[in-house]
Amino acid sequence: MSFNLKACLLFVILLPFTFSSAFGQGVLVNEGGVAVQLPRVIIFPPRRPPLPRPIPVPVESSYAIKSLEVSTNITGQIADVSVSQTFVNTGKNQMEVSFVFPLPYDGAINSMTLLVDGKEYNAKLLKATDARKTYEDIVRRNQDPALLEWIGNGMFKTSVFPIPAGESRVVNLKYTQLLKVDGGLTDFLFTMSTAKYTSKPIEKLEISLNIETPDEMKNIYSPTHEIKIKRPTPTKAVVLYEGKDIVPSSDFRLFFDSGKNEVSTRLLSFRPNPKEDGYFMLLASPKFATDDQKPVAKNVLFVLDNSGSMSGAKIVQARDALKFVLNNLREEDTFNIVQYNSNAAKFKEEIQPATKEYISEATSYADSIRAAGGTNIGDALNTSLAMIQDNKIPNYVLFLTDGCPTAGETNEMKLNELAVNANKNNARIFAFGVGYDVNSRLLDRIVRSNRGQTEYVKPNENIEERVSRMYNRISSPILTDVAFKFVRKDDEKQNYTTNRVYPNNNFDLFSGEQLVIVGRYSKSGKVSINVEGKVGETVKTFNFDGELVDESKDQTSSFISRLWAIRRIGEILDQVDLKGQNKELIDELVALSTAYGILTPYTSFLADDSVSLTNRENNTTTAMSNTRSLNVVQGKFGLDQRVGKLNFQQADNLDSFHAANEQNIDEVQLGERGMSGDMRRGLGSRPSASLYSSSRGRQTLPNARAMDSGSSAVPQGTDEVVERVVPELSVQTVNNRAFFKKNGVWIDSTLSESQMKKENMISVKQFSEDYFKLIATHKEALTPYLTLDGPQIINVKGQAYNFTP
């Protein structure tokens, strides 16, 4: 029998006035007599694009979001936003749909233009009280909590139009908004949370922004996504984010500012509990270097391992990397080359100016380098660092090796001490570890003691590409040895105390770089941010105004605490790696992983059904045992652990971090499996909990596209069934609160052992009258957490509620 399903498509827009319930894409909600939940896709920080996993629903009602494209022009604070979204009716019958736009509050906007396949549709305004009933009716009828996050919002609603089975509709939306300014930063948000309600991943997702400011643009930063930035002029920027075959796991957010100073510094803060230390983020960006601006002179030493193990493609790529650096030196720069195997050899006895003649001679010297002999890292460090005699300009050592020290001094601790003692002029050492034979902990130790950074080049990666990327970043220093402090506005003699700040030492600012600093603070109030650094020999000081909030009113800036937690975990892992195990540090590691749902290779066992989140002592013991794996310093297992640690230490945005972390946990697991029996025995006994637990589930997915790395896609339009093993969703974060799925029940990570006792919990049947009474009572303090599918135990103002089907 053929019939039409009457449905409501929620197509929601971004508005700048609130960040908890503004949306940028749509969902189909059944309004007919049959209760149908929204289609779902696995949502987790993906190591690869996730596969569709629809909840079983009647095939008569199903749809997919094929594409989502957002084009925005921003002039000052005014944003003109155009959204184009393609929906496909993948069900068997025609659907009658309308568009509904949730608004953050009544009167937020008063006009918009909406076209469906080129035809304009008028929208009717519903105030929050009327809209609440519409949302609740849909939730009650479809037994689906997805729309609860919008309760409390007003809405625009269009008239009904059809989408025949198998056909698509292109929806275009245009609107203008006034962007919010916070702490001197203009804030653009495009919320993509409703895009997860689709039966398939989005084939194309693109967000482009053309930004123009009255003064020179400085900070351009996204805490959520890895973006590409082009700056055609000092006052214009083009920002692009692209994704293919993905399901958005976070909203898109961008901050930017402009100014006339050589350096711009902006302060954001977040303090959910005034009785505890708050979190701050400091964004710093230097003046964008122009062609007519004379850059700061620098000294570059390229130290190249040419031992026998570097033979073949590695030495060719290393020579090409060296020649790239030589060809990109400026005339005011100085340089030298050190090659080392069993002994170190120099291009010239002393550092040379980067003239055309010396660059030409050095290029010929690079071509003559051949691989042979052992690896004398100590001699290479001594030889290169001894050449540096001038600390009035920035000194950078690019140190490349593919192995462990086999000649001269070989002790890890003594080599680090040697480097520190030899580095009398405060050079920064940037180390490149090539392949799996390198002693990754040694490189991390040397770099940490000498204010640099480590890069690891795996066997399938190109050395020249990684070295050139690093050199391009440091090629144009603008301000060196930079330090900052917060000074009270009402008493300039008193500094504000900050703690656990990352990065936690002086740094250099480079042209085009966006520096992101996060930390904790205890006292709130208006502050003056003093930034001091050197331009050549001249010390320069800059002052900026800011404020550290006493208590945050909402979750708008909660990303700051999450980014801080990620970097703090990186710092903990680094300390355990370089200084040995410490129970207090491991306990903090477990606490952060539990509170934020940020898993590491050493705490992923927390996601196991059998592990109690409240048994902190036992979980710390397990993590202590797991971190002994850091004693492995070579091989794939050793290197992947250091790569994972760097992911935490260098995290700048949440989306790319979670993707890299998920992949790294898999890589570390594979590395452990590849260890020899002797190495395994050296790590001691394992706890019963799996070290790298990742619940797996097998699904049969019709028309699913093959998402595994290296696999070919299933041809579109076929009925081929693809079977893939994919991770079960076991951890989700809502409003910065982690939930772990244990035996099919979502457990709030903030619950105590006492709250979790059956006699202390209040049971509430989902979608009952008591359920909706609680929603009416607690509103936004509860509704975001109820959107998780399935049974839940939630901490609501100190009371545990057990929501059951």
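Residues numbered from 1 in each chain as written. Predicted model: local features only at pLDDT ≥ 70, side-chain atom pairs only at ≥ 80, totals over all residues. Heavy atoms only, no water.

A. A look at the overall build of the protein. Summing up its helical and strand segments, the protein has 15 helices and 42 strands in all. For the protein, buried positions account for 56% of its 805 residues. Put simply, the protein shows about 32,700 Å² of open surface, and 46% of that area lies on carbon and sulfur atoms. (Helix = DSSP H or I, 4+ residues; strand = E, 2+ residues; numbered from the N terminus. Buried < 20%, exposed > 50% of the residue type's maximum accessible area, 1.4 Å probe, protein only. Areas by Shrake-Rupley, 256 points an atom, 1.4 Å probe, with all protein chains shown as cover.)

B. Fine view of the nonpolar core. Of all hydrophobic cores here, the largest spans 50 residues; its most connected members are Met281, Leu563 and Ile598. Broken down by secondary-structure element, the contributors of at least two residues to this core are β20 (263–270), β21 (278–286), β32 (515–521), α8 (559–579), α9 (583–596), α12 (654–673) and β38 (737–742). If you tally residues by element for this core, the top one is α8, at ten residues. Those residues within four positions of leucine 563 in sequence are excluded, and the remaining contacts are Tyr221, Met281, Val516, Val518, Ala651, Asp652 and Leu654. The next biggest cluster of nonpolar side chains, apart from the first, holds 41 residues, and it includes Tyr63, Val70, Ile74 and Tyr241. (Core = buried A, V, L, I, M, F, W, Y, C linked by side-chain atoms within 4.5 Å. Contact = heavy atoms within 4.5 Å.)

C. A look at the packing of helix α5 (residues 412–422) against helix α6 (residues 440–449). Interaxial distance between α5 and α6 falls to 9 Å at its minimum, and their mutual angle equals 25°. It follows that α5 is roughly parallel to α6 by the angle criterion. Note that α5 runs across α6; the crossing there is right-handed. Residues Glu412, Met413, Leu415, Asn416, Ala419 and Val420 of α5 touch α6, and the partners they reach there are Arg441, Leu442, Arg445, Ile446 and Ser449. In terms of residue class, the contact of α5 with α6 is made up of six nonpolar, two polar and three charged. (Axes fitted to C-alpha atoms, helices over the stretch in contact; angles between N-to-C directions. Parallel < 35°, antiparallel > 145°, perpendicular 65-115°, else oblique. Left-handed = near helix turned anticlockwise from the far one by under 90°. Nonpolar A, V, L, I, M, F, W, Y, C, P; charged D, E, K, R; others polar.)

D. Examining the packing of α8 against helix α11 (residues 635–649) more closely. At a closest axis distance of 7 Å, the pairing of α8 and α11 adopts a crossing angle of 140°. One element, α8, and the other, α11, form an angle in the oblique class. Relative to α11, the crossing made by α8 is left-handed. Of the residues in α11, those touching α8 at Ile566, Arg567, Ile569, Gly570, Glu571, Leu573, Asp574 and Asp577 are Arg642, Lys645, Phe648 and Gln649. Along the lines of polarity and charge, the residues of the contact of α8 with α11 split into four nonpolar, two polar and six charged.

E. Expanded view of the pattern of salt bridges. Overall, the coordinates contain 40 salt bridges when judged by the stated rule. A salt bridge links aspartate 652 to arginine 567; its shortest N-O distance comes to 2.6 Å. Placement of the pair is aspartate 652 in the loop between α11 and α12 and arginine 567 in helix α8, with a sequence separation of 85 residues. Arginine 567 sits in the buried class, given a relative accessible area of 4%. Through salt bridges that share partners, Asp444, Arg448, Glu571, Asp574, Asp577, Arg642 and Lys645 make up one connected network. (Salt bridge = Lys/Arg side-chain N within 4 Å of Asp/Glu carboxyl O.)

F. Expanded view of helix α1 (residues 128–142). Along its 15 residues, α1 runs 21 Å from first to last C-alpha, staying within 8% of the 21 Å computed at 1.5 Å per residue. By the burial criterion, the buried members of α1 are Ala128, Ala131, Tyr135, Glu136, Ile138, Val139 and Asn142. Burial along α1 is one-sided: seen end-on, the buried residues are contained in an arc of 160°. With respect to the buried face of α1, the exposed residues turned more than 90 degrees away are Thr129 and Lys133. Glutamine 143, located one to two residues past α1, shows a positive phi value of around 50°. (Expected span 1.5 Å × (residues − 1). Arc of directions from axis to C-beta.)

G. Focus on helix α2 (residues 313–327). Look at α2: 21 Å from first C-alpha to last across 15 residues, which is about the 21 Å you get at 1.5 Å a residue. Taken together, the buried positions of α2 are Ile315, Gln317, Ala318, Arg319, Ala321, Leu322, Val325 and Leu326. Looking at the buried residues of α2, the elements they touch are β22 (299–305), β23 (334–340), α3 (356–367), β26 (395–401) and α7 (463–474).

H. Summary view of the sheet that holds strand β30 (residues 498–502). The strand order across the open sheet formed by four strands is β20-β21-β32-β30, and the pairing between neighbours is antiparallel. With partners counted over all chains shown, the strands left at the sheet margins are β20 and β30, one partner each. Put simply, the sheet's adjacent strands are angled 25° from each other on average, direction ignored. Pairing between β20 and β21: eight bridges, direction antiparallel. Bridge assignment links arginine 266 to a residue of β21, and that residue is leucine 283. Strands in contact with α8 are β20, β21, β30 and β32; relative to β32, the strand with the most contacts, it is inclined by about 90°. (Pairing = 2+ DSSP bridges.)

I. Molecular detail of the confidence of the model for the protein. Within the protein, residue pLDDT values average 81, and 82% of them lie at 70 or more. Considering only residues more than four positions removed or in separate chains, one finds that residues 1–26, a stretch of pLDDT under 50, has 124 contacts. In this model residues 685–727 is a low-confidence stretch, pLDDT under 50, and it forms 103 contacts with partners more than four residues away in sequence or in other chains. (pLDDT = per-residue confidence, 0-100.)

J. The environment of phenylalanine 484, seen in detail. With respect to the helices and strands, the residue phenylalanine 484 is situated in strand β29 (residues 477–488). Residues phenylalanine 484 and threonine 541, spaced 57 residues apart in sequence, show a C-alpha to C-alpha distance of 9.5 Å.

K. The pairing of β29, seen in detail. Here β29 pairs with strand β31 (residues 507–510) via three bridges, running antiparallel. Of the residues in β31, the one forming a bridge with valine 482 is phenylalanine 507. Examined bridge by bridge, β29 and strand β33 (residues 525–535) share seven bridges and lie antiparallel to one another. Looking at the pairing, arginine 488 lines up with valine 527 of β33.

L. Highlighting the environment of glutamate 149. Here glutamate 149 is to be found in the loop between α1 and β10 (154–158). Separated by 637 residues in sequence, glutamate 149 and leucine 786 have C-alpha atoms that sit 8.2 Å apart.

M. Local environment of the packing of aromatic side chains. In the structure shown here, the tally under the stated rule is 20 aromatic pairs. Arranged with centres 6.5 Å apart and planes meeting at 85°, the rings of phenylalanine 324 and tyrosine 471 form a pair that is edge-to-face. Of this pair, phenylalanine 324 sits in helix α2 while tyrosine 471 sits in helix α7, and the two are 147 residues apart along the sequence. Residue classification places tyrosine 471 among the buried positions, given a relative accessible area of 1%. One aromatic cluster in this structure is built from Phe767, Tyr771, Phe772, Tyr801 and Phe803. Between the NZ or CZ atom of lysine 348 and the centre of the ring of phenylalanine 347, over which it lies, the distance is 5.3 Å. (Phe/Tyr/Trp six-rings, centres within 6.5 Å; stacked < 30°, edge-to-face > 60°. Lys NZ or Arg CZ within 6 Å of the ring centre and 35° of its normal.)

N. Region of interest: the sheet that holds strand β16 (residues 217–221). Overall, antiparallel pairing links the four strands, which are arranged β13-β14-β19-β16 in an open sheet. Strands with a single pairing partner mark the edges of an open sheet, and in this sheet they are β13 (180–182) and β16. The sheet shows a mean angle of 30° between the axes of neighbouring strands, direction not considered. Pairing of β13 with strand β14 (residues 185–190), which is carried by three bridges, proceeds in the antiparallel orientation. In the sheet register, aspartate 182 faces β14, and the bridge partner there is leucine 185.

O. Local environment of unusual backbone geometry. Of the consecutive residues tyrosine 502 and proline 503, the connecting peptide bond is found in the cis state with omega at 0°. Position of proline 503 among the secondary structure elements: in the loop between β30 and β31. One non-glycine residue, arginine 500, lies in the positive phi region at around 50°. Here arginine 500 lies in strand β30. Note on arginine 500: relative accessible area 40%, which makes it partly exposed.

P. Representation of the environment of glycine 635. Along the chain, the position of glycine 635 falls in helix α11. It is 9.0 Å that separates the C-alpha atoms of glycine 635 and serine 440, two residues lying 195 residues apart in sequence.

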